Amino acid sequence: MSWTYSFTQFDKFESCPRSYYESYVVGAPDMQTQELELGRLSHEAVQSVVLGLLPVAEVRDWVVSRLPETLWLTEQDADTIADWAQRFCSCFRPDGSIECEKEVKIEADGVAVQVKVDMLQQVGNRIIIYDLKTNKDAYDPGETMQLPLSSWVVAEKYGVGQVECRLWFLRYREKPLRAALFGSPQMEKAKNWAISTARAIEQAKTLPGSAGFPERPGTACRACGVPLNCVGVFPPLTKEMRLDDIGADQIAGHALRLEAALAFAKKYLQHYIEANKLSSVASNGEHWGNFPKPKYLLTPERLREFGEMVLAQGKDLSQFLEINPWTVLKKDNEHIKAWLEAHAEKSTVTYFGHRAKAPEAA
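What counts, and where the lines are drawn
- Residues numbered from 1 in each chain as written.
- Predicted model: local features only at pLDDT ≥ 70, side-chain atom pairs only at ≥ 80, totals over all residues.
- Heavy atoms only, no water.
- Pairing = 2+ DSSP bridges.
- Helix = DSSP H or I, 4+ residues; strand = E, 2+ residues; numbered from the N terminus.
- Axes fitted to C-alpha atoms, helices over the stretch in contact; angles between N-to-C directions.
- Salt bridge = Lys/Arg side-chain N within 4 Å of Asp/Glu carboxyl O.
- Buried < 20%, exposed > 50% of the residue type's maximum accessible area, 1.4 Å probe, protein only.
- Parallel < 35°, antiparallel > 145°, perpendicular 65-115°, else oblique.
- Contact = heavy atoms within 4.5 Å.
- Nonpolar A, V, L, I, M, F, W, Y, C, P; charged D, E, K, R; others polar.
- Right-handed = clockwise from strand over helix to strand, strands pointing away.
- 1 Å grid on protein atoms, 1.4 Å probe; cavity = no way out; pocket = protein on both sides within 12 Å on 5 of 7 lines; lining within 4 Å.
- Points joined across faces, edges and corners; volume = space filled by probe spheres on them.
- Core = buried A, V, L, I, M, F, W, Y, C linked by side-chain atoms within 4.5 Å.
- Phe/Tyr/Trp six-rings, centres within 6.5 Å; stacked < 30°, edge-to-face > 60°.
- Left-handed = near helix turned anticlockwise from the far one by under 90°.

(A) Region of the structure containing the sheet that holds strand β9 (residues 345-355). Reading across the sheet, the three strands line up as β7-β8-β9 and stay open at both edges, with antiparallel pairing between neighbours. Two strands lie at the open edges of the sheet, namely β7 (281-283) and β9, each paired on one side alone. Strand-to-strand, the axes of this sheet are offset by a mean angle of 40 degrees, without reference to chain direction.

(B) How the structure looks around the pattern of salt bridges. By the definition in use, this model includes 21 salt bridges. Close ionic contact of Asp-79 with Arg-60 constitutes a salt bridge, the shortest N to O distance being 2.4 Å. Here Asp-79 is found in helix α5 (residues 75-91), whereas its partner Arg-60 is found in helix α4 (residues 59-66), with 19 residues between them in sequence. Relative accessible area serves as the criterion here: at 39%, Asp-79 is assigned to the partly exposed category. Taken together, the shared-partner salt bridges in this structure form one network comprising Arg-40, Glu-44, Arg-66 and Glu-69.

(C) The arrangement of the packing of helix α6 (residues 146-158) against helix α7 (residues 184-205) in detail. Two numbers describe how α6 lies on α7: the axes approach to 8 Å, and their chain directions differ by 100 degrees. By the angle class used here, α6 and α7 are roughly perpendicular. Where α6 approaches α7, its residues Pro-148, Leu-149, Ser-151, Trp-152 and Ala-155 are matched on the opposing element by Gln-186, Met-187, Ala-190, Lys-191, Trp-193 and Ala-194. Partitioning the contact of α6 with α7 into residue classes produces eight nonpolar, two polar and one charged.

(D) Structural detail: the pairing of strand β4 (residues 126-133). Buried residues dominate β4, accounting for seven of its eight residues. Across five bridges, strand β3 (residues 111-123) lies against β4 in antiparallel orientation. Looking at the pairing, Val-123 lines up with Arg-126 of β4. Crossover handedness for the path β4 to α6 to strand β5 (residues 163-169): right-handed.

(E) Region of the structure containing the layout of surface pockets. Size it by volume and the second largest pocket reaches roughly 1,700 Å³. For the second largest pocket, the lining is made up of 31 residues, of which Lys-136, Arg-171, Tyr-172, Lys-330 and Asp-332 are closest to its centre. Of all the secondary structure elements, the ones that give two or more residues to the lining of the second largest pocket are α3 (34-50), α5, α11 (325-328) and β9. With six residues, α5 is the largest single contributor of residues to the lining of the second largest pocket.

(F) Representation of the nonpolar core. In terms of nonpolar packing, the biggest core is built from 39 residues, with Phe-10, Val-113, Leu-149, Trp-152, Val-154 and Val-163 touching the most fellow members. Counting residues per element, this core draws most heavily on α7, which supplies eight residues. Not counting the four nearest positions on each side in its chain, Trp-152 is found in contact with Ile-106, Ala-108, Val-113, Met-187, Lys-191 and Ala-194. By size, the runner-up hydrophobic cluster in this structure holds 27 residues, among which are Leu-73, Ala-78, Ala-82 and Cys-100.

(G) Local environment of the packing of aromatic side chains. If you walk through the whole model with that rule in mind, you get 18 aromatic pairs. On the basis of an interplanar angle of 15 degrees and a centroid distance of 5.5 Å, the ring pair of Phe-88 and Phe-92 is categorised as stacked. On the basis of an interplanar angle of 75 degrees and a centroid distance of 5.4 Å, the ring pair of Tyr-139 and Phe-169 is categorised as edge-to-face. Remark: Phe-169 occurs in strand β5 and Tyr-139 occurs in the loop between β4 and α6; sequence separation between them is 30 residues. When its relative accessible area of 0% is taken as the criterion, Phe-169 is described as buried. One aromatic cluster is present, formed by Trp-3, Tyr-5, Phe-7, Phe-10 and Trp-193 through successive ring pairs.

(H) Looking closely at empty space enclosed by the protein. Counting across every chain of the model gives one cavity of 30 Å³ or more. Within this model, the largest cavity holds a volume of roughly 40 Å³. Around the largest cavity, the lining residues are Lys-116, Val-117, Asp-118, Ile-129, Tyr-130, Asp-131, Gln-146, Leu-147 and Ser-150. Residue assignment for the lining of the largest cavity shows that the elements contributing at least two residues are β3, β4 and α6. For the lining of the largest cavity, the per-class residue count stands at four nonpolar, two polar and three charged.

(I) Structural context of the packing of α3 against α5. At a minimum axis distance of 9 Å, the contact between α3 and α5 shows a crossing angle of 40 degrees. Our classification of the angle between α3 and α5 gives oblique. Handedness of the α3/α5 crossing: right-handed. Residues Gln-34, Leu-38, Leu-41, Ser-42, Ala-45, Val-46, Val-49 and Val-50 of α3 form the contact with α5, whose participating residues are Asp-77, Ile-81, Trp-84, Ala-85, Phe-88 and Cys-89. In terms of residue class, the contact of α3 with α5 is made up of 11 nonpolar, two polar and one charged.

(J) Just helix α2 (residues 17-26), in detail. Within α2, seven of the 10 residues are buried, leaving the element largely enclosed by the surrounding structure. The set of residues buried in α2 consists of Pro-17, Arg-18, Ser-19, Tyr-20, Tyr-21, Glu-22 and Ser-23. Those residues of α2 hidden inside the fold are in contact with β1 (4-5), α1 (7-15), α7 and α8 (227-231). A positive phi of about 90 degrees marks Gly-27, the residue just after α2.

What follows is the structure, encoded as structure tokens:
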């Protein structure tokens, strides 16, 4: 094999072969989203501070100066990134040698694998990998193959028997760090996974066109960078053609058709589920169904009391004016939830949508 593989390629092929095909065979550019831009600039900011290239007090101004090159970010995002950088650097110990965006490549059984590490720290004989995340949901280092794969590649290159991996979730004020120590068992598993996945990709490439890369709509669609190539109404994006080349009027027309088709599909699916008395219908990890959502009603007097109580908790009252149930259910709002449970008239309604977990049967 002459191709060099990465975790992103392996993961994309496993979650949706068609997405891999569009990105790495066709060469379609990933669409820029707010999440991608926020992740890119927050990584650059934290790494620049760690390397001593940017004072932490100047992060906000630095981000503001970069805003013109982004599509979605605002000065509010600059405030967010500055806060994340300050909190990370107040906890990070810059011992030993530190390298950022470190690329490490090895070859095993004819498969070339390259990983890019956000931060690689060497303290004596210890190797520590930092992976900065802007995810809203935290998880442990062993829940995906990314860090076991990185550990294997780094351990092979540096000649060590184990690697300490640290996931740092920048959004989290409390317990942002998830750590694990990976040794031979985890590394061997990652090696075998990489080799078998690489061979599956090579086999898929022997088939004509996209025949070896079937679509797999599901949870992976949320993070897909090439969804427009998949729906079939847009001209396929390639290395030579970008979204701007299609024209805003055509994109607007496509969006209207997609919106109408989506509304029909959801209405049909909801009718099918209800008519057949099903709790949900699943597609590759995503469950469609009627999910319960709490609803609170307050008298004017109770609403006034509620406002005073929220302010006393040091919270922003504007977040709660509509009594958004998802805001109330956050862990740090337990006192507010308890007050609502005691004083508000509560009812439960359902909404039709999808989550990673199926709704409970009625």
